Structures are given as C-alpha cells and as structure tokens.
Amino acid sequence: MQPDSPVKNLFREDVSLSAPFTVSELPHKAKLDQNEAPFDLPNDIKMALLDKLLEYQWNRYPQPSVYMEVKEAFAKSIGYAPENIIITIGADQLIQAAYLIAGGHDRKALIFEPTYPMFAHAAKFNQTNVDRTQLAAGETVTKDHINAADHNIIFIVAPNNPTGLMPEEGAIEAALAKNSLVFVDESYFDYSKKTWAHLLKDNPNLFIARSASKSCLAGIRLGYGIGHPDVISAMESTLTAPYHLSYLQLTVAKYFNFIQSHLKNLAVTIIFERDRITNQLKGMGVPYIPSQGNFVLFKVANPSDVYRKLAESGVRVRSLHSIPGLSDYVRVTVGKDKENDLFIKQLKGILAS
Ligand SMILES: Cc1ncc(COP(=O)(O)O)c(C=O)c1O
C-alpha cells in the first residue's frame, strides 16, 4: 500500500505491511522456485476425484456432518483418529489458527530464523509478540536454543524451509517440556519421512502441521494438523468451521487414498533427483546444505547475479539474498529430471563465466 493511500487511515497500522514474499511470474522453462511437486496428478486420478465432486450439491453449504465424514475417511487414510485431525486451507491456515488460539495481545511466540516467512508475518497481523532467534544458514535448532524465557507458542520447522535441516535430536522434546503450544511444522514430511506425532500421546501441547502443497496439491490448497482433541476443537472453532473448506478440498481429503500410492512414488523420484542435484553441486565445488525436503539451499559468491542469470535462461529459483543469514544463498526446488539438468547446466555456465 502506498503511504498516501486514501484508505490508509481506515486500517490497523500493521495492515500496511507488504506481502511476506513475492514470486516472479516471468516465462520459464524450469519452475524451481516454490517447493511445489513438478508433476501434476495423473488424469485418471483427477477424473476419479471429479466424479466424486459431482456427487455433492454445489448450491448447498457443506454441512458439519460432511466435514466429520471427510475427517473420518482422511484420518483413516493417514493412520490417525479423526478427533486428532483438523483439515484446513493449506498449512498457512494452521499457522493462523495457532495464533488465534494461543497468540494475541500480551502473548509471545518463539521463531527460529531463517525460516518460512509466514510465522513472523502472521504474528504481526495477530498482534502477537515474537522472539526471533537468528541462526546461521547451516545451523539448526538445538535444545540449548529453547531458552528459559516463556513463550505461548514455539514454532519448530522440521525440516526447515529454506535450509532443509532437521532440528537437533531432543530439541522438540525440550520445547514440549515447557508450558507452550509446540507447533512442529512437518510440511515436508513426504520427503523427510520423519514425524514427531508419536509424542502426542504424552504431550497434549504438541501440534503437528502438514501441507499437501509439496505433494501435487498446491493448487487445491489443502493442509492438516494432528493434535490433542481440545487443541483441534479450539482451532476448528476459531476458523469458520464447518464451512471453511469447499467441496473441492473436502472431496480430495475424503478420497485421499486415491492419491497416496502416487505420492509415495513421487517422493522416491524427488529424493533421487535431490541426491542427483547435490552430487552435481558437490562435483562443481558449490557448497550446499544437505536437505530433507524437496529443495536445496546452495551458496554462491554473487547470489543476485546467479539468480538473475538463471532467470534469464528460463530457470526460476528462489532468491534469498535479502533474508538475514542467507545473503550468500539461493534455493532450488527439485524439479523434473530435465529441469534439474537445465538448472545444473546453466549454473555451471554462470559460475564458469
Ligand atoms: C514450512 C512451511 N510451512 C507452511 C507452508 C505453507 O503451506 P501451504 O501451501 O499448505 O499453506 C510452507 C510453504 O512453503 C512451508 O514451507
């Protein structure tokens, strides 16, 4: 918003904030900038889901019983009890829900940066104070970072975006010992295969957030959380449940079992391609951070130059040079084999020139 906007005085001060991040929409040959899956769902799966979508009456609100029915089916497909599950419009809505139930005026959250910018951004528009602990690019959250100060919410991202690093063993347990809602973001679980959900039994303050955006469903906007039934109910009551999801999200969640084997195969391909990218970077002498996600953070002497030249050659990556701690880094999302080949070829050329 411009400082001289005629409506500026209508808004809260924090509404004048700019967007948490922007993305380039320039033409491209390889789209490796947003941690999406590079493959769409096969048409037969999409058609089967569309058939199910047609069964609903689009002129009607999805009644509470529909959400409950969907939760039942979705929870079964991922192996949890429905009372432990909330389904949302992406993991972003889970971050918002966490602030709505445990943040707010006179309350404080703990965030470890660099990380996904929405944790800090959502704190602002939820008027929640934050302690932003700054880590170096290759550094991860340890139990020593979970300091003596009290926080109403502790956000730990596992693996972290954009570093790809897991927290040190014991860090999440140390956070759980505190009187805080511990929000463990497992958005990249399909690639890391590591979860803390088993700690839920003894730790009602644990909340796990997952996103389907990294696994072929970014365009559907689907996320889910796993937590204590009272945390789930509190979150559901703050979102406009039972109407916060459309029949599209509800259908995809209800028939998630149609997609699961495809996602398993996708993860195998992506992990193989991730290793291929890091081996190539190693061969080129480019330092990188070993990643548990579907992306790799690598270090170059002139990141804005590298970003610009890659973009000019049609390879879209994420420039992070303005983020504290990441001034020398660029993030590449793992794409299709040909996209990854193009990225490596262009990067080689740029670094040699
Ligand atoms: C760590 C992390 N959490 C949450 C999200 C948001 O996910 P969604 O697209 O499901 O809202 C992202 C997206 O990049 C992310 O990297």
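None of these values were measured; they are calculated from a predicted model.

How each quantity is defined
Residues numbered from 1 in each chain as written. Predicted model: local features only at pLDDT ≥ 70, side-chain atom pairs only at ≥ 80, totals over all residues. Domains from an automatic or database assignment. Contact = placed C-beta atoms within 7 Å. Helix = DSSP H or I, 4+ residues; strand = E, 2+ residues; numbered from the N terminus. Nonpolar A, V, L, I, M, F, W, Y, C, P; charged D, E, K, R; others polar. Buried ≥ 20, exposed ≤ 12 C-beta atoms within 10 Å, placed from the backbone.

Under the domain assignment used here, the protein chain contains domain 1 (8-41 + 261-352) and domain 2 (57-258). Counting residues at the interface gives 31 residues for domain 1 and 28 residues for domain 2. For the side of domain 1 that touches domain 2, the elements supplying multiple residues, two or more each, are α10 (260-283), β10 (295-299) and β13 (329-333). For the side of domain 1 that touches domain 2, the element with the highest residue contribution is α10, accounting for 5 residues. Among the residues making up the side of domain 1 that touches domain 2, the classes are represented as 21 nonpolar, 6 polar and 4 charged.

In this section: unusual backbone geometry. In this structure, Pro114 follows Glu113 across a cis peptide bond, with omega equal to 5°. Here Pro114 lies in the loop between β3 (108-113) and α4 (118-125). The phi dihedral of Asn35 falls on the positive side, at around 55°, and the residue is not glycine. For Asn35, the location among the structural elements is in the loop between β1 (30-31) and α1 (43-54). On the neighbour-count criterion, Asn35 (23 C-beta atoms within 10 Å) is buried. You will see that Asp106, though not glycine, has its phi angle at about 65°, which is positive. Within the secondary structure, Asp106 sits in the loop between α3 (90-102) and β3. A residue is classified by how many C-beta atoms lie within 10 Å of it, and Asp106, with 9 of them, is exposed.

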